[in-house]
Amino acid sequence: FFSCLFFRPCPLPFVVWMADKHNIVVVGHGMVGHHLLELLVARGCASNYNIIVFGDEPHKAYNRMQLSSYFAGKTVDDLSLVPDGFYETWGLQVHLNEKIVQIDRCEQRVISSEGKNITYDKLVFATGSAPLVPSITGSHLPGCFVYRKIEDLQQMSAYAEKCKRAVVLGGGLLGLEAAQAMINMGLECHVIQRSGSLMNRELNATAGKMLQQHVEGLGIRCHFFKVTKRVVGDERGVQKLEFEDGTELEIDMVIFSTGILPRDQLAKDCGLEVGPRGGIAVTDECVTTLDANVYAIGECVSHRGRTYGLVGPGNAMARVVADHIAGREVTPFGNVDCSTKLKIVGFDVGIIGDSLGKTPGCRTMVYSKETEGIYKCLLTEASGEKIIGCILVGEANQYNNILSIMLNDLPVPQPPESLILPTFDSANAAVGSVETLPGVATVCSCHNVKKDDICQAVQDGCHSMDEIKSCTKAGTGCGGCISLLTDLMNYEKGRLGISVKNHLCEHFPFSRRELHDIIRAKGYRDFDEVIKGSGNGGFGCEICKPTVASILATTFNKHVLEAPLAQLQDTNDYFLANMQRDGTYSVVPRIAGGELTPDALITLGQIGKDFDLYTKITGGQRIDFFGAKAHQLPLIWDRLVEAGFETGHAYGKSLRTVKTCVGSTWCRYGVQDSVGMGIALEHRYKGLRSPHKIKFAVSGCTRECAEAQSKDIGIIATKNGYNLYVCGNGGMKPRHADLLAEDLDPAMLVKLIDRVLMFYCRTADRLQRTSKWFE
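Residues numbered from 1 in each chain as written. Predicted model: local features only at pLDDT ≥ 70, side-chain atom pairs only at ≥ 80, totals over all residues. Heavy atoms only, no water.

Colleague: How would you explain the pairing of strand 17 (residues 253-256) if you had to name every residue and give the values?
Modeller: Neither face of strand 17 is left uncovered, since the one carrying Met-253 and Ile-255 and the one carrying Val-254 and Phe-256 both have all their residues buried. The sheet contact formed by strand 10 (residues 144-146) and strand 17 spans three bridges and is parallel. Of the residues in strand 17, the one forming a bridge with Cys-144 is Val-254. Judged from the four bridges that link them, strand 11 (residues 165-169) and strand 17 form a sheet pairing that is parallel. Looking at strand 17, one finds that Val-168 is bridged to Ile-255. (Buried < 20%, exposed > 50% of the residue type's maximum accessible area, 1.4 Å probe, protein only. Helix = DSSP H or I, 4+ residues; strand = E, 2+ residues; numbered from the N terminus. Pairing = 2+ DSSP bridges.)

Have a look at this one:
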């Protein structure tokens with residue numbers, strides 16, 4: 001009780017008193033603080049308490065995990081977590097842009113920066129964390145920023161207009177997101193990392209190297225084992241960084257992303273105990289150790305000496321506090337799962353459990369495919385019968401399956417490595433599937449939602465992802481469980497005899513075909529119009545954004561890299577090049593029909609030589625340049641365009657090539673001009689965006705040298721015209737094309753191809769080849 005002496009008296013000009021109810025005061029209105037409000041409302045506390053909230057930002061609670069989307073055009077309202085009318089409906093008193101500056105625990109009273117004086121019966125700290133800015137000279141010069149909240153991003157965006165080169169100190173998740181934001185704003189960007197790899201606290205060195213290759217392919221330059229000595233500059237701004245090893249880097253802008261610190265000063269000032277590394281010390285009930293009427297949740301907490309920087313543990317603490325205040329049975333807060341699935345600068349990364357293998361005697365199994373930037377590491381106990389951790393880089397399709405097995409102690413398939421291999425038998429695939437998961441299995445770690453909760457929600461009438469999220473909150477945190485939730489919802493609907501619709505994703509309650517018709521009928525011209533007019537809200541995802549972009553391009557034929565369409569494109573579409581295993585790109589100019597003049601060939605050779613590119617003739621009769629770096633791509637394309645070339649769409653879901661033989665012009669067996677027809681068709685359909693890639697071929701006779709019957713559109717010349725074959729496919733599952741019509745003249749041939757492609761683009765599912773569509 002001596003801690004009461006920490007209180008400093010001040011005038012009390014404004015007193016709030018509600019005699020009929022007790023007061024709950026929540027200090028902080030971030031993601032975890034807002035989730036506490038939702039839980040208190042759900043438990044009926046709004047009827048028994050005055051719930052009073054103070055937030056030091058001017059905005060309602062917003063999704064910090066989507067902060068980078070602000071640079072992609074999202075507004076504060078888009079990021080908001082607070083439904084319209086939520087405060088008013090439940091009588092919550094929310095004071096934005098107003099801090100609590102003093103707390104008197106003896107009198108159970110808080111005082112705000114605006115002079116409000118409020119007594120409390122229960123006080124909850126949800127103050128979060130603050131960015132850690134290293135104590136180096138110059139760290140507060142103009143041009144130095146942190147990447148933490150909306151105001152930071154607004155200031156960075158304004159300052160960047162006069163900059164050319166930015167540097168990010170810290171190669172963790174937020175640091176990489178900040179670096180991508182700088183690249184998207186047209187700045188040269190460098191990442192400075194003290195250790196030898198990116199995200200070294202979550203990824204091992206090999207996984208970090210794979211991520212590095214992808215990051216550098218975007219044009220972000222990484223520097224390792226660098227310790228910053230000072231930031232050099234003056235009142236006009238920063239000028240350079242000096243490092244401990246004596247090197248320097250000229251810059252215009254610095255972003256600090258070197259960690260976070262719990263915001264615990266207010267708790268210290270009122271005499272509460274803090275942990276050895278900071279954070280408000282709490283018990284397993286999230287009650288502060290020195291005051292039974294004061295709680296703490298989220299990133300400001302130290303629980304058993306440990307702090308947490310993820311939303312999942314914070315939400316778990318909020319559940320404990322809400323139950324405690326509501327008088328319910330409390331499940332003590334313990335060591336929660338900190339697994340997460342992320343998309344880091346467009347790259348899938350899944351991190352599960354003990355990803356670095358710190359458990360003594362653990363076994364490690366690795367699958368790596370460097371050509372596609374894929375790395376997977378599965379860790380088990382020595383017996384191989386229990387999963388303890390996993391890293392998934394480049395491809396995280398198995399994330400939900402592996403996480404479910406680990407969290408719910410399901411039997412591990414034997415051999416365990418079958419979980420990360422590209423193919424495994426159906427018995428192993430079923431382990432961890434929605435059908436075999438026990439009812440108590442956790443499907444959403446952020447909000448502690450079980451399989452039974454989802455099944456019950458479906459039984460109660462929640463038959464869409466939007467309804468499931470609204471009812472259970474599952475999928476509203478990091479979003480890593482969305483695919484598992486979708487599978488579980490569809491499984492339960494099928495079990496109940498409810499028809500399962502082929503919805504594109506959680507954001508659109510329509511199939512691709514239905515969405516195509518809606519966009520055409522309503523005349524939507526950008527993604528925001530589509531999702532606001534016919535979607536379920538939100539920001540979209542890696543499924544619906546490229547799909548809508550493809551439909552818009554097919555329907556209205558606007559340039560795909562014009563704003564705001566550019567931000568919808570996949571990485572390869574955005575850069576007009578194919579990302580390779582080492583993070584560099586391959587560039588494929590279009591060579592219609594495979595025809596090329598000697599001068600054009602010389603030009604291509606000179607470009608390859610000037611940029612030191614590995615050069616190869618492809619199976620589609622084109623020339624492919626390998627090894628191009630992101631910052632070289634504009635220079636390479638300037639040279640190619642100047643020489644009369646254009647993109648070959650070797651990366652896109654569009655027409656790739658029209659392969660030809662030499663035909664009647666040179667071949668003694670040729671009966672029609674296959675090259676001329678191939679060139680005409682390629683120029684007619686180039687740039688067409690489709691559900692999946694499409695390939696053509698034109699053979700000049702029935703000897704079929706162009707292999708037309710293995711193509712999506714195949715043409716074989718006859719003495720009387722052309723035979724048209726459709727929906728063939730090579731690759732892993734070859735399919736012989738079907739003959740559609742014989743002896744067509746060129747005009748009728750084009751008419752039929754037009755109609756086949758129009759029907760395919762309007763009715764096929766996302767990423768469905770013509771062969772599967774036909775079947």
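Okay, back to it.
Colleague: Explain unusual backbone geometry to me, using residue names and the numbers behind them.
Modeller: With an omega of 0°, the peptide bond between Gln-414 and Pro-415 qualifies as cis. Relative to the helices and strands, Pro-415 resides in the loop between helix 10 (399-407) and helix 11 (426-430). Positive phi, close to 50°, is recorded for Gln-108, a residue that is not glycine. Its place among the elements puts Gln-108 in the loop between strand 5 (100-104) and strand 6 (109-112). Classification of Gln-108 as partly exposed rests on a relative accessible area of 23%. Non-glycine residue Gln-621 carries a positive phi angle of around 65°.

Colleague: Before we move on, could you go through the pattern of salt bridges and cite the residues and values that matter?
Modeller: For the coordinates displayed, the defined rule picks out 26 salt bridges. Of the charged contacts in the structure, one is a salt bridge between Glu-188 and Arg-165, with a shortest N-O distance of 2.9 Å. Of this pair, Glu-188 sits in strand 12 (residues 188-193) while Arg-165 is found in strand 11, placing the two residues 23 residues apart along the sequence. When the shortest N-O distance is used, the salt bridge between Lys-659 and Glu-707 registers 3.1 Å. One end of the pair, Lys-659, is in strand 33 (residues 655-660); the other, Glu-707, is in the loop between strand 34 (694-699) and strand 35 (713-718), and 48 residues separate them in sequence. Judged by its relative accessible area of 14%, Lys-659 falls in the buried class. (Salt bridge = Lys/Arg side-chain N within 4 Å of Asp/Glu carboxyl O.)

Colleague: How would you sum up helix 22 (residues 746-763)? Please name residues and give values.
Modeller: Across its 18 residues, helix 22 extends 26 Å between first and last C-alpha, which sits within 8% of the 26 Å expected from 1.5 Å per residue. When helix 22 is considered as a whole, its buried residues turn out to be Leu-749, Val-750, Ile-753, Asp-754, Val-756, Leu-757, Tyr-760, Cys-761 and Thr-763. Capping of helix 22 at its N-terminal end is provided by Asp-745; its side-chain oxygen lies 3.1 Å from the backbone amide nitrogen of Ala-747. (Expected span 1.5 Å × (residues − 1). Polar contact = N/O pair within 3.5 Å; in protein donor to acceptor, adjacent residues only side chain to side chain.)

Colleague: Describe the side chain of Arg-148, and please don't skip the residues or the numbers.
Modeller: Mapped onto the fold, Arg-148 is located in the loop between strand 10 and helix 5 (150-160). Judged by relative accessible area, which is 16%, Arg-148 ranks as buried. At 2.4 Å, the side chain of Arg-148 forms a polar contact with the side chain of Ser-129. Among the polar contacts listed, one links the side chain of Arg-148 to the side chain of Glu-299, at a separation of 2.6 Å. Filtering out sequence-adjacent residues up to four positions away, Arg-148 remains in contact with Arg-64, Leu-67, Ser-129, Pro-131, Leu-174, Ile-260 and Glu-299. (Contact = heavy atoms within 4.5 Å.)

Colleague: So what's going on with the sheet that holds strand 16 (residues 248-250)? Which residues, and what values?
Modeller: The sheet built from three strands is open, its strands ordered 14-15-16 with antiparallel pairing. If you trace the sheet from one side to the other, it starts and ends with strand 14 (228-234) and strand 16, each paired once. The sheet shows a mean angle of 25° between the axes of neighbouring strands, taken without regard to direction. In terms of strand pairing, strand 15 (residues 237-243) meets strand 16 through three bridges, oriented antiparallel. Looking across to strand 16, one finds that Leu-241 is bridged to Leu-249. (Axes fitted to C-alpha atoms, helices over the stretch in contact; angles between N-to-C directions.)

Colleague: Talk me through the packing of helix 12 (residues 451-459) against helix 13 (residues 465-472); I want residue IDs and the actual numbers.
Modeller: Here helix 12 crosses helix 13 at 120°, and the two axes come no closer than 10 Å. If you check the angle between helix 12 and helix 13, you find them oblique. When the axes of helix 12 and helix 13 are compared, the crossing they make is right-handed. The residues of helix 13 that touch helix 12, namely those facing Asp-453, Ile-454, Ala-457 and Val-458, are Ile-468, Cys-471 and Thr-472. The class makeup of the residues in the contact of helix 12 with helix 13 is five nonpolar, one polar and one charged. (Parallel < 35°, antiparallel > 145°, perpendicular 65-115°, else oblique. Left-handed = near helix turned anticlockwise from the far one by under 90°. Nonpolar A, V, L, I, M, F, W, Y, C, P; charged D, E, K, R; others polar.)

Colleague: Residue-level account of helix 7 (residues 205-217), with values.
Modeller: The periodicity of an α-helix, 3.6 residues per turn, causes residues three or four positions apart to be oriented the same way. A rise of 1.5 Å per residue sets the reference length of helix 7, with its 13 residues, at 18 Å; its end C-alpha atoms lie 18 Å apart and thus fit the reference within 8%. For helix 7, every residue scored as buried is listed here: Ala-207, Gly-208, Met-210, Leu-211, Gln-212, Gln-213, His-214, Val-215 and Gly-217. N-capping of helix 7 is provided by Asn-204, with a side-chain oxygen placed 3.2 Å from the backbone N of Thr-206. Count one or two residues on from helix 7 and you reach Gly-219, which has phi positive near 100°.

Colleague: How would you summarise the sheet that holds strand 17 if you had to cite specific residues and measurements?
Modeller: One key point about sheets: their strands pair by backbone hydrogen bonds, in either a parallel or an antiparallel sense. What the five strands build is an open sheet, ordered 10-17-11-12-13; its pairing is parallel. Either end of the sheet is taken by a strand with one partner, and the two such strands are strand 10 and strand 13 (220-224). On average, each strand axis in the sheet is tilted by 25° relative to the strand beside it, whichever way the strands run. Taken strand by strand, helix 5 contacts strand 10 and strand 17, and its axis lies near 150° from that of strand 10. Helix 6 (residues 173-184) contacts strand 11, strand 12, strand 13 and strand 17 of the sheet and is inclined by roughly 165° relative to strand 12.

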